[in-house]
Amino acid sequence: MSYFENAQKQAAALREKECVRILAIESSCDETAAAVVENGRKILSNAVFSQIDLHALYGGVVPEIASRAHVEKVDRMVDEALRQAGMALQDVDALAVTYGPGLVGALLTGVSCAKALAYGTGKPLIPVHHIEGHIAADFLSHPDLTPPFACLVVSGGHSHLFSVDGYGEYRVLGQTQDDAAGEAFDKAARVLDIPYPGGPLLDKLAEEGDPNALKLPRPKTQGRYDYSFSGLKTAFINAVHTLRQKGETLPVADLCASFRQAVVSFLVDRAMLAAEELGIQKMALAGGVSANRLLRREMESACRKRGIAFYMPELSLCGDNAAMIGSAAYYRLLRGEIADLTLNARPSLMLSSIPGKE
Ligand code: KG4
Ligand code: ZN
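The structure presented is a predicted model; accordingly, all values stated were derived computationally and were not measured. (Residues numbered from 1 in each chain as written. Chains lettered and ligands numbered in written order. Predicted model: local features only at pLDDT ≥ 70, side-chain atom pairs only at ≥ 80, totals over all residues. Heavy atoms only, no water.)

**Student:** Kindly report on the site of ligand 1, identifying the contributing residues and their values.
**Tutor:** Near ligand 1, the surroundings consist of 17 residues, among which His134, Gly156, Asp186, Asp203 and Asn292 are the closest. Contact between ligand 1 and glycine 199: an oxygen atom at 3.4 Å from a main-chain N or O atom of the residue. Measuring from a nitrogen atom of ligand 1, one finds a side-chain N or O atom of asparagine 292 at 2.9 Å. When the free accessible area of ligand 1 is taken as 550 Å², the share hidden by the protein chains comes to 86%. Here ligand 1 occupies the largest pocket. Among the secondary structure elements, those contributing two or more residues to the shell around ligand 1 are helix H5 (130-141), helix H6 (181-191) and helix H7 (198-206). Counting residues domain by domain, the shell around ligand 1 receives three or more from each of domain 1 (3-137 + 318-334) and domain 2 (148-313). (Near = heavy atom within 4 Å. Polar contact = N/O pair within 3.5 Å; in protein donor to acceptor, adjacent residues only side chain to side chain. Areas by Shrake-Rupley, 256 points an atom, 1.4 Å probe, with all protein chains shown as cover. 1 Å grid on protein atoms, 1.4 Å probe; cavity = no way out; pocket = protein on both sides within 12 Å on 5 of 7 lines; lining within 4 Å. Sits in = over half its atoms within 2 Å of the grid points. Helix = DSSP H or I, 4+ residues; strand = E, 2+ residues; numbered from the N terminus. Domains from an automatic or database assignment.)

Written out as structure tokens, the structure is:
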């Protein structure tokens, strides 16, 4: 029997099994991560190696450095995830891996490792979309969360409002027309000489600033629930340059607070417009930017005011990690969506594409 025929048989049996443990790998950008997750909801281990220090010197992620660091670290992260879970490789039921979107070299490391482990053990291999993983972080933090719900996914590469109609069933309600929110935060931080990745530090500095100090334009978009951050970012960078040219000392905290307020109120207002017009009763937040303090506070209070149930990942699950991939993988497995060994990295993968049906 071929690897894939055997994997399909095993996957069918796993759908009946009471306790399914998946070893997941994530390497799409600058975190090398591995985790073991039980039944999509329980984290048995979650090992993350952040490459931030390697890229900080260059002010952003350098793809070649990322790929090399993933190659050096991926085996160690897998060993660490198994050790933390108290399991041997043979004890896991299936392998899962992020196969897109992301940096091609970075993705390839995780995909190659997962394929090798799947082939070596004969276990099923489950391909996961990175953004689907971010959404699944909410399943880990909220055992009671079940579809349907809407999810605002904001990260370094994405700003999307999804309708999650069922497990593995996504509809785009709105998306950014240009920059992602995280990218805008990082670029605004960079002009203030805040080291990469600027988003988290900008957020921290903003806590002490006046959000009304700098007036920024309200972005316009084509779609009612779409986003746009590039105009906001340019207006902010121009304002900072003007202050510098005048020789003024930059009111850094006020500038951070003003930019953060503009981004967050835009994100929240559009999500609430969709919620009101589409009758959304459950709203979730996900992605690296969901760690933003103001975004967490404002989404929570906007949802509370409207009687919408609100869900967000705990802070440790906002950024890239493999536990979220292990959760999303469980629901793909239940739908029979496993890959054969031709699985390849897909740098521009869309969330609507279902493995095997693309
Ligand atoms: O999801 P993620 O870890 O990687 C991608 O899939 O892109 O998101 C990383 C992004 C970076 O742009 C980072 O600056 C931003 O999330 N970020 C934040 C905060 N924490 C992370 N942006 C604003 N406020 C934060 N607290
Ligand atoms: Zn991410």
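Now that the structure has been shown, we can carry on.
**Student:** Describe the environment of lysine 42, with residues and values.
**Tutor:** Here lysine 42 is to be found in strand E3 (residues 42-50). Along the sequence, lysine 42 and alanine 323 sit 281 residues apart, while their C-alpha atoms lie 8.9 Å from each other.

**Student:** For the pairing of strand E8 (residues 169-175), give the residues involved together with the corresponding values.
**Tutor:** In the sheet, strand E7 (residues 159-166) pairs with E8 via six bridges, with the strands oriented antiparallel. Across the sheet, residue valine 164 finds its bridge partner in E8, namely tyrosine 170. With antiparallel pairing between neighbouring strands as the criterion, E7 and E8 make up a hairpin whose turn holds two residues, including glycine 168 at a positive phi of roughly 75°. (Pairing = 2+ DSSP bridges.)

**Student:** Which residues make up the packing of aromatic side chains, and what values go with them?
**Tutor:** A full pass over the atoms with the stated rule returns eleven aromatic pairs. With a centroid separation of 5.3 Å and an interplanar angle of 55°, the aromatic rings of phenylalanine 139 and tyrosine 167 are classed as tilted. In this pair, phenylalanine 139 sits in helix H5 while tyrosine 167 sits in the loop between E7 and E8, placing the two residues 28 residues apart along the sequence. On the accessibility criterion, phenylalanine 139 (5% relative accessible area) is buried. Judged by relative accessible area, tyrosine 167 falls into the partly exposed class, the value being 25%. (Phe/Tyr/Trp six-rings, centres within 6.5 Å; stacked < 30°, edge-to-face > 60°. Buried < 20%, exposed > 50% of the residue type's maximum accessible area, 1.4 Å probe, protein only.)

**Student:** Please set out the coordination of the zinc ion (ligand 2) residue by residue, giving values where relevant.
**Tutor:** For the zinc ion (ligand 2), the full set of protein donor atoms is His130 (NE2), His134 (NE2) and Asp320 (OD), at a range of 2.0 to 2.1 Å. Mapped onto the sequence, the residues coordinating the zinc ion (ligand 2) show the spacing H-x3-H-x185-D. Within this pair, whereas histidine 130 is found in helix H5, its partner aspartate 320 is found in the loop between strand E10 (309-311) and helix H11 (323-334), the two being separated by 190 residues in sequence. When sorted by exposure, histidine 130 lands in the same class as aspartate 320, which is buried. (Donors = N, O, S within 2.8 Å, 3.2 Å for Na, K, Ca; no water.)

**Student:** Before we move on, could you go through the domain arrangement of the protein chain and cite the residues and values that matter?
**Tutor:** We note that the domain assignment places domain 1 (3-137 + 318-334) and domain 2 (148-313) within the protein chain. Computed over C-alpha atoms, the centres of domain 1 and domain 2 are 28 Å apart. Across the contact, 17 residues belong to domain 1 and 20 residues belong to domain 2. Summed over both sides, the interface between domain 1 and domain 2 buries roughly 1,500 Å², with carbon and sulfur atoms accounting for 72% of that surface. Of all residues in domain 1, Ile131, Ile135 and Cys318 give up the largest surface area on contact with domain 2, accounting jointly for 41% of the area buried on that side. Across the contact surface, domain 1 and domain 2 share zero salt bridges. The interface formed by domain 1 and domain 2 contains five residue pairs in polar contact (both at pLDDT 80 or more). Looking at the side of domain 1 that touches domain 2, the elements that each hand over two or more residues are helix H2 (52-56) and H5. For the side of domain 1 that touches domain 2, the class distribution of residues is nine nonpolar, five polar and three charged. (Contact = heavy atoms within 4.5 Å. Buried area = accessible area lost by both parts, 1.4 Å probe. Salt bridge = Lys/Arg side-chain N within 4 Å of Asp/Glu carboxyl O. Nonpolar A, V, L, I, M, F, W, Y, C, P; charged D, E, K, R; others polar.)

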